[in-house]
Structure formats: structure tokens, C-alpha cells
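What follows is the residue order along each chain.
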Amino acid sequence: MTTTVPEYDNWSAYWWQPRGPFSVLRWIARARGEQVAPATRPDAVLLDVACGGGMLHPYIAGKGYRHVGVDVSTKSAEIARRHGVDEVVIGDIRDIPLPDAFADVVVAGCCVEHVDEPERVVAECCRLLKPGGTLIIDTIARTWPARFAVITLGENTPVSWAAPKGTHDHRMFVDPRRLARACAANGVPVETYGLFPRTRDLLAWTLGRHGDVPMRKVGYTGIIYGVTGVKPPAEG
Ligand SMILES: C[S@@+](CC[C@H](N)C(=O)[O-])C[C@H]1O[C@@H](n2cnc3c(N)ncnc32)[C@H](O)[C@@H]1O
């Protein structure tokens, strides 16, 4: 199995740079973390599919979950552990070596656009979710505005926070309806929303006046978007 981004081991130093190439990922991780409700039982588990350097951790810390990650990049996994992720399993997100109904919450942030079979990742997320648990996935839409924003601008603007060239392949971006269909086909109906920054926050960040740019939930799903849903509780 191959992934389009074996380079994450080489890029691992970028994860926690405050104004580095993975800054936008941090903004999205914050929005993802805001969707996670506090745990409702002791020993609750949040599974972070493609956890990278663990940038979600500060946004779910204190909500009562054991934070378990899975990622193919061993160097990123080491960084994630150092930044508070309780355990990281090294593995492929299309075939995750964990048992069914492992987690109360499954998040898969900015990763389905890096695999050739996003449906397999979705199937794994749904399999690993307990009945009654929450699924949260975010990614990049397969549109021209997304290609322009994420690749043309996002990888080529001469700023410290431009993503490394070649991070993305627009042909692997995922249509929101395709993602929602895959979730429903695996037993988790979802709602879809866009994630977008306010212009004034982006401007303030560009001028160095903000630590983060809040990504607001919006109706427009043509660039960055997410889906969330609850796996129906088991009957009987
Ligand atoms: C854009 S990063 C997102 C990381 C994290 N979810 C975040 O938002 O900060 C993509 C991550 O997916 C991982 N990845 C890509 N393909 C993978 C695969 N097939 N199996 C496991 N991890 C993979 C990379 O190593 C990288 O850490």
C-alpha cells in the first residue's frame, strides 16, 4: 500500500512551528477539537486517525478522553507522544490494527485526501466507532477553488506558513457528497459543513497579530469541509 505523502517523516519538524508550514492544519485541528463533546464515561477513548504530530491534543485535553493516534509516520508519532497523545499505533489508516468499536469518538483530520481509497479510511473509522459514538472527518473538496487556494496559493506563496510543495494532489481531493455517502454506507449518517476563516482574522494573522486563525463553520463546502455524525446505538 502506498500513500501520496511518505514525506511526513521528513517534515516532522514542522508540526509545532507556530508560524510554520503546518499552521493551517493547526487552525483546522482547533475547529475539529471544538466539535468534540466532553466524555460521558470513564475510560472513554478518542481515536485520532492520521494523528500526525498530535496537533489536536491541546483542543481535546481536559475533555476526559484517552487520546490514541494512528499514523504511518514514526517520526510524527514520536512528536505526537511528546505533545500529550497517550498512545500512537503505527499503521495504515486503510487497515488499522485495532478492534471493532474501539473508540467513543473517531476523528480523521486532513487525511482522506492523502489516500487513493478514501472509502477504506471511512469504513475503518466507522468500524472502530462504538455504537452511540461520534465521527468527525475533515478534508479538502474536489473543486477548482480548493485547488487554487490549497495548491496554487497554499503551496506557492512565499510565506513561512506555505505548505511544502507537493503536499497535495488535487486529483485526490474528495467531493463532500462522496464522503457523506461513504459514511452513510458504513452506518453513520453525517451532516456536512464548510470551514472558513474570517478575512479580518486571516489579515491579522498575516500581520503577525494572531496566534491562530479560527475556522468558522459555514455553509460553503467548496474548499475545506467536515462531516460529523453519530453511529446509531445498538438495538435491544
Ligand atoms: C495533513 S497531515 C494531518 C495530520 C493531523 N490529522 C492534523 O490534522 O494535524 C496527514 C497525515 O496523514 C498521515 N498519512 C498519510 N497517509 C497515511 C496512511 N496511508 N496511513 C497512515 N497515515 C497516513 C501522514 O503521515 C500525516 O501525518
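Everything here concerns the structure above.
Quick caveat, the model's predicted, so the values are computed rather than measured.

A. Highlighting the overall build of the protein chain. A tally of regular secondary structure across the protein chain gives 7 helices and 8 strands. Taken against the 2.2 N^0.38 rule, which gives 18 Å for 236 residues, the C-alpha radius of gyration of the protein chain at 17 Å falls within 12% of a compact globule. Summarising its shape, the C-alpha atoms of the protein chain cover approximately 55 × 35 × 35 Å along the three principal directions. Residues counted as buried form 51% of the 236 residues belonging to the protein chain. Surface accessibility of the protein chain: about 10700 Å² in total, with carbon and sulfur atoms responsible for 56%. For the protein chain, the centre of its 27 positive side-chain charges and the centre of its 26 negative side-chain charges are spaced 6 Å apart.

B. Spotlight on the sheet that holds strand E1 (residues 45-49). Read from one edge to the other, the open sheet built from 8 strands follows the order E3-E2-E1-E4-E5-E8-E6-E7, with strand pairing classed as mixed. The open sheet is flanked by strand E3 (87-90) and strand E7 (215-218), the only strands paired with a single partner. If you compare each strand with its neighbour and ignore which way they point, the axes differ by 20° on average. Contacting E1, strand E4 (103-109) and strand E5 (129-140), helix H4 (residues 118-128) runs over the sheet at an angle of about 150° to E5.

C. A look at the nonpolar core. Core analysis: the largest hydrophobic core is formed by 32 residues, its most contacted members being Leu47, Val49, Val106, Leu135 and Ile137. Looking at this core, the elements that each hand over two or more residues are E1, strand E2 (66-71), E4, H4, E5, helix H6 (176-185) and strand E8 (224-230). Considering each element in turn, this core owes the most residues, 5 residues, to H4. Among residues more than four places away in sequence, those in contact with Leu135 are Val106, Cys125, Cys126, Leu129, Cys183, Val188, Val190, Val227, Thr228 and Gly229.

D. Just the pattern of salt bridges, in detail. Applying the stated criterion across every chain, the model contains 16 salt bridges. Between Arg30 and Asp212 there is a salt bridge whose closest N-O contact spans 3.7 Å. A residue pair is termed long-range when its members are at least 10 positions apart, and Arg30 in helix H1 (residues 23-34) and Asp212 in the loop between helix H7 (199-206) and E7 qualify at 182 residues. What makes Arg30 partly exposed here is its relative accessible area of 25%. Taking relative accessible area as the criterion, Asp212 reaches 12% and is therefore assigned buried. Asp116 is the salt-bridge partner of Arg94, the closest N and O atoms lying 2.8 Å from each other. Here Asp116 lies in the loop between E4 and H4 and Arg94 lies in the loop between E3 and E4, a separation of 22 residues in the sequence. For Arg94, a relative accessible area of 4% puts it in the buried group. For Asp116, a relative accessible area of 44% gives the class partly exposed.

What counts and how
- Residues numbered from 1 in each chain as written.
- Predicted model: local features only at pLDDT ≥ 70, side-chain atom pairs only at ≥ 80, totals over all residues.
- Heavy atoms only, no water.
- Helix = DSSP H or I, 4+ residues; strand = E, 2+ residues; numbered from the N terminus.
- Rg over C-alpha atoms; globule rule 2.2 N^0.38 Å.
- Buried < 20%, exposed > 50% of the residue type's maximum accessible area, 1.4 Å probe, protein only.
- Areas by Shrake-Rupley, 256 points an atom, 1.4 Å probe, with all protein chains shown as cover.
- Lys, Arg positive; Asp, Glu negative; His and termini not counted.
- Charge placed at Lys NZ, Arg CZ, Asp CG, Glu CD.
- Pairing = 2+ DSSP bridges.
- Axes fitted to C-alpha atoms, helices over the stretch in contact; angles between N-to-C directions.
- Contact = heavy atoms within 4.5 Å.
- Core = buried A, V, L, I, M, F, W, Y, C linked by side-chain atoms within 4.5 Å.
- Salt bridge = Lys/Arg side-chain N within 4 Å of Asp/Glu carboxyl O.

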